[in-house]
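Overview (structure and organization)
Below, each chain spelled out in residue letters.
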Amino acid sequence: TAVLDWQEFDHTGGFDGEIFLRECGEGKNSKLKMKVEVILPMEDDFVTPPPVSVLGSRLSIRIVGATGLRAANWGLATGNTCDPYCICEIAGKPSWRLETKPALK
C-alpha cells in the first residue's frame, strides 16, 4: 500500500519519483517508481501556477517499476507463490482501477 497525496503531483511537472510501500511483508523494503501528471483540457494552452488542475483536467499515471515486492500470495499446502503486481486506485472514485501485469519472479 502507498498513498500519493494530490499536493505531491498537482503542480507543474507533476510527480516523478519513488514512494515506499507499506504492508509489503516483514523485512521487505519495497518501492514503487511512478510518474503522475495533470493533463489540462485542450482549451487551456497557458501555464497556470500550482495547483494546475482545473475542471475537466485528466490525470496521467504511469507505473514505471517496483523493487522489493513480495509474492502476491503463498499457498501453505503447495508452497506455490503468485508473481507480484501493482493496483492503483483513486480515492473517491471506486469505479476507477489500474492493475499492472504480474512481474515474473
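Scroll up a little and you will see the structure.
Predicted model only: the values in this text are computed from it and were never measured. (Residues numbered from 1 in each chain as written. Predicted model: local features only at pLDDT ≥ 70, side-chain atom pairs only at ≥ 80, totals over all residues. Heavy atoms only, no water.)

With that out of the way, let us pick up the pattern of salt bridges. Taken as a whole and judged by the stated rule, the model has four salt bridges. With a shortest N-O distance of 3.4 Å, Glu18 and Lys31 are connected by a salt bridge. Of the two residues, Glu18 is situated in strand 1 (residues 15-20) and Lys31 in strand 2 (residues 31-39); the sequence distance between them amounts to 13 residues. The exposure class assigned to Glu18 is partly exposed, which follows from its relative accessible area of 45%. The class for Lys31 is partly exposed, based on a relative accessible area of 24%. One salt bridge connects Glu89 with Arg97, and the closest N-O pair in it is separated by 3.2 Å. (Salt bridge = Lys/Arg side-chain N within 4 Å of Asp/Glu carboxyl O. Helix = DSSP H or I, 4+ residues; strand = E, 2+ residues; numbered from the N terminus. Buried < 20%, exposed > 50% of the residue type's maximum accessible area, 1.4 Å probe, protein only.)

With that out of the way, let us pick up the layout of surface pockets. Empty space within the largest pocket amounts to approximately 860 Å³. Forming the walls of the largest pocket are 29 residues, and the residues nearest its centre are Thr1, Ala2, Leu21, Ile87 and Cys88. When residues of the lining of the largest pocket are assigned to their parent elements, the largest contribution, four residues, is made by strand 4 (residues 87-90). For the lining of the largest pocket, a count of residues per class yields 22 nonpolar, two polar and five charged. Considered as a void within the structure, the second largest pocket measures approximately 270 Å³ in volume. Contributions of two or more residues to the lining of the second largest pocket are made by strand 3 (58-67) and strand 5 (93-99). When its residues are assigned to classes, the lining of the second largest pocket shows six nonpolar, two polar and two charged. (1 Å grid on protein atoms, 1.4 Å probe; cavity = no way out; pocket = protein on both sides within 12 Å on 5 of 7 lines; lining within 4 Å. Points joined across faces, edges and corners; volume = space filled by probe spheres on them. Nonpolar A, V, L, I, M, F, W, Y, C, P; charged D, E, K, R; others polar.)

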